[in-house]
Every structure is written in C-alpha cells, then in structure tokens.
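One letter stands for each residue in the lines below.
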Amino acid sequence: MDVTVVHLPENDRYEVRVDGEAAGYAEYMATEQVTVFTHTEVSDKFEGMGLGGKLAKGALDDVRASGRGVLPLCPFLKGWIERHPEYQDLVVEDPRDEAAG
C-alpha cells in the first residue's frame with residue numbers, strides 16, 4: 001500500500017492518497033504568515049488505517065517548511081496537534097480569542 005500526501009494549492013487542500021486514489025483531505029485558507037485548517041475528512045472506505053494522522057503530519061511538515069504558522073480550527077487537526085507536542089510550536093494564537101478578552 002503506497003500512501004502519499006500531496007499539496008493542491010489550487011484547491012486550498014492537502015490530500016492523502018492510497019495507491020494513487022484520494023482517500024481524504026484537509027482544507028485550509030492561507031495568508032503569508034498563517035495556514036488556517038478548516039476541515040479534515042477521510043473517506044469511510046479508508047477509515048481505521050491511520051490515514052488522518054499521515055495526512056496531518058504531511059500537511060503540517062509542509063507548512064513548517066514554508067515558514068508559516070498554523071491555526072487549527074478543524075477539531076481533528078487541533079486534537080492531533082495536542083497529542084503531538086513536536087508540532088505545537090506551529091500553532092499561532094486565534095485572533096478571535098484576543099478580541100474576546
């Protein structure tokens with residue numbers, strides 16, 4: 001089984017593919033400084049294979065290489081980052097939290 005994560009900037013998303021077939025995706029909005037992840041989904045056909053984690057790692061590694069920070073609005077990515085402290089340095093403050101304070 002060949003698993004790859006590909007960046008599709010023209011679609012504002014990362015995809016995880018299994019043997020070339022799209023198995024899931026992480027959607028985002030990006031600025032020069034921040035990538036805001038809004039939704040992550042893995043197809044039912046591929047659930048239970050750890051693909052969400054591979055997608056998260058691949059996407060976050062790519063964002064790190066770009067020099068941007070991450071704002072994980074998506075509950076899946078937010079939880080994944082919380083469980084993987086080596087990625088927590090990527091997280092930026094949500095400006096909505098500052099406005100509420």
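Let us look at the structure shown here. (Residues numbered from 1 in each chain as written. Predicted model: local features only at pLDDT ≥ 70, side-chain atom pairs only at ≥ 80, totals over all residues. Heavy atoms only, no water.)

1. Observations regarding the nonpolar core
Now for step 1: Formed by 22 residues in total, the largest nonpolar core has its most connected members in Tyr14, Phe37, Leu60, Val70 and Leu77.
Now for step 2: Other than its neighbours up to four places away in sequence, tyrosine 14 contacts Val5, Val6, His7, Gly24, Tyr25, Ala26, Tyr28, Phe37, Leu55, Ala59, Asp62 and Val63. (Core = buried A, V, L, I, M, F, W, Y, C linked by side-chain atoms within 4.5 Å. Buried < 20%, exposed > 50% of the residue type's maximum accessible area, 1.4 Å probe, protein only. Contact = heavy atoms within 4.5 Å.)

2. Topic: the pattern of salt bridges
Now for step 1: One pass over the full model with this rule turns up five salt bridges.
Now for step 2: Across the salt bridge formed by arginine 13 and glutamate 15, the nearest N and O atoms sit 3.7 Å from each other.
Now for step 3: Note that arginine 64 is salt-bridged to aspartate 89, the shortest N-O span being 2.8 Å. Of the two residues, arginine 64 sits in helix H1 (residues 51-66) while aspartate 89 sits in the loop between helix H2 (75-83) and helix H3 (95-100), which places them 25 residues apart along the sequence.
Now for step 4: Residue class for aspartate 89 comes out exposed when judged on its relative accessible area of 54%. (Salt bridge = Lys/Arg side-chain N within 4 Å of Asp/Glu carboxyl O. Helix = DSSP H or I, 4+ residues; strand = E, 2+ residues; numbered from the N terminus.)

3. What to know about the environment of lysine 54
Now for step 1: Along the chain, lysine 54 turns up in helix H1.
Now for step 2: Residues lysine 54 and tryptophan 80, spaced 26 residues apart in sequence, show a C-alpha to C-alpha distance of 11 Å.
Now for step 3: Ignoring sequence-local partners within four residues, the contact set of lysine 54 consists of Val3 and Val5.

4. Things to note about the sheet that holds strand E1 (residues 3-8)
Now for step 1: Within the open sheet, the five strands sit side by side as E1-E2-E3-E4-E5. Their pairing is mixed. Of all strands in the sheet, those with a lone pairing partner are E1 and strand E5 (69-72), marking the two edges. Each neighbouring strand pair of the sheet contributes to a mean axis angle of 30°, computed without reference to strand direction.
Now for step 2: Lying over the sheet, H2 contacts strand E3 (21-30), strand E4 (34-42) and E5, oriented at roughly 120° with respect to E5. (Pairing = 2+ DSSP bridges. Axes fitted to C-alpha atoms, helices over the stretch in contact; angles between N-to-C directions.)

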